[in-house]
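# A look at the structure
So you can see what is in the structure, the chains are spelled out below.
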Amino acid sequence: MADVKLAAETRTEFGKGAARRIRRENKVPAVVYGHGADPVHITLPGHELQLALRTPNVLLTLDIEGKTELAIPKAVQRDAIKGHLEHVDLLTVKRGEKVTVEVYVHTEGELAPGAYLLEHVLSTLTVEAEATHIPESVTVSIAGLEAGASIAAKDIPLPEGTTLVIDEDAVVLQVLAAQAEEPTEDAAGDEAAEA
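Residues numbered from 1 in each chain as written. Predicted model: local features only at pLDDT ≥ 70, side-chain atom pairs only at ≥ 80, totals over all residues. Heavy atoms only, no water.

### Quick look at the overall build of the protein chain
Counting its secondary structure elements, the protein chain contains 3 helices and 13 strands. A globule of 195 residues ought to have a C-alpha radius of gyration of about 16 Å, yet the protein chain, at 23 Å, is considerably larger. Burial statistics for the protein chain: of 195 residues in total, 33% are counted as buried. Total accessible area computed for the protein chain in this model is approximately 11,800 Å², and 48% of it derives from carbon and sulfur atoms. Of the side chains in the protein chain, 17 bear a positive and 33 a negative charge, and the two mean positions are spaced by 17 Å. (Helix = DSSP H or I, 4+ residues; strand = E, 2+ residues; numbered from the N terminus. Rg over C-alpha atoms; globule rule 2.2 N^0.38 Å. Buried < 20%, exposed > 50% of the residue type's maximum accessible area, 1.4 Å probe, protein only. Areas by Shrake-Rupley, 256 points an atom, 1.4 Å probe, with all protein chains shown as cover. Lys, Arg positive; Asp, Glu negative; His and termini not counted. Charge placed at Lys NZ, Arg CZ, Asp CG, Glu CD.)

### Some details on the sheet that holds strand E13 (residues 171–177)
The 3 strands lie next to each other as E8-E13-E11, forming an open sheet whose pairing is antiparallel. Here the strands that pair on one side only, and so sit at the sheet edges, are strand E8 (116–120) and strand E11 (150–152). Adjacent strand axes in the sheet meet at a mean angle of 10°, parallel and antiparallel pairs treated alike. Inspection of the sheet shows E8 paired to E13 by 5 bridges, in the antiparallel sense. Looking across to E13, one finds that Tyr-116 is bridged to Ala-177. (Pairing = 2+ DSSP bridges. Axes fitted to C-alpha atoms, helices over the stretch in contact; angles between N-to-C directions.)

### What about the side chain of Thr-61?
Tracing the sequence through the fold places Thr-61 in strand E4 (residues 59–64). With residues up to four places along the chain from it excluded, the contact list for Thr-61 reads Asp-3, Val-4, Lys-5, Leu-6, Thr-68, Glu-69 and Leu-70. (Contact = heavy atoms within 4.5 Å.)

### Section: the environment of Ala-8
With respect to the helices, strands and loops of the structure, Ala-8 is situated in strand E1 (residues 3–10). A sequence separation of 34 residues divides Ala-8 from Ile-42, and the C-alpha atoms of the two residues are 6.2 Å apart. Among all residues touching Ala-8, those that are not within four sequence positions of it are Ile-42, Thr-43, Leu-44, Asp-63, Ile-64 and Glu-65.

### A closer look at the environment of Thr-100
Along the polypeptide, Thr-100 turns up in strand E7 (residues 98–108). Through-space distance from the C-alpha of Thr-100 to that of Val-171 is 20 Å; in sequence the pair is 71 residues apart. Once residues lying within four places of it in the same chain are set aside, the contact partners of Thr-100 are Lys-74, Thr-126, Val-127, Glu-128 and Val-165.

### Observations concerning the pairing of E7
Bridge count between E7 and strand E9 (residues 124–130): 7 bridges; the pairing is antiparallel. Residue pairing for E9: Lys-98 is matched across the bridge by Glu-130. Here E7 pairs with strand E10 (residues 137–141) via 5 bridges, running parallel. Among the inter-strand pairings, His-106 is bridged to a residue of E10, identified as Thr-139.

See the structure below:
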C-alpha cells in the first residue's frame, strides 16, 4: 500500500470563484472529515495529488500547517471532459483503525481452450482492512475455467487482516459460452439475392 505525504493549506474562501482561483494555481480544493471532528477545508498541490490518486486506496499523510493527519480518499470529483481534479473528500483515519473500502479484482491465467467469455459481475470487492494496510487490489486465478464456472467472493484470496464486507456467496466472475450470431432474415435474403 502506498503512503504519500502532501503539504496542505487551510482555506477560508469558499464557492465557485474561490475554487476556480485555487485550480488556476494548480491546486485542488479538498475537505478532510471524520472521527466526529469539524470538517477542515484545505487546498492540496494538484500534480502531486493527481499522481497519488493513481494508486487505489492510497493512504495520504497530510501536513496541515504543522499538524499531521492520515487520510484516505472518499470521493473524487473530476472535470467530465478534461479529467482534471475538481474536488476531493478525504476521510481521516488512525493507525490500527479498520476502514471499509473497495478493492479492484484482477484476474490471472487463461480460460480453458474454447469460445468462452469472462464476465466481471463485480469489478471491485468491498472489504474491511486496517487503515495502514489497505490492499490496492486482489488477484484470482481463472486458469482452465470453462462455461458455467463462477467465482464467488469467498473464493478470492484476501491479504491477512482483510475481511469481506459483502455477501460471501456473491458471484464476482463467471464464465460464459460465446454465442454465435444467427443470420437475420434480411441478411439471409440478401445473400440469396446475390447468388
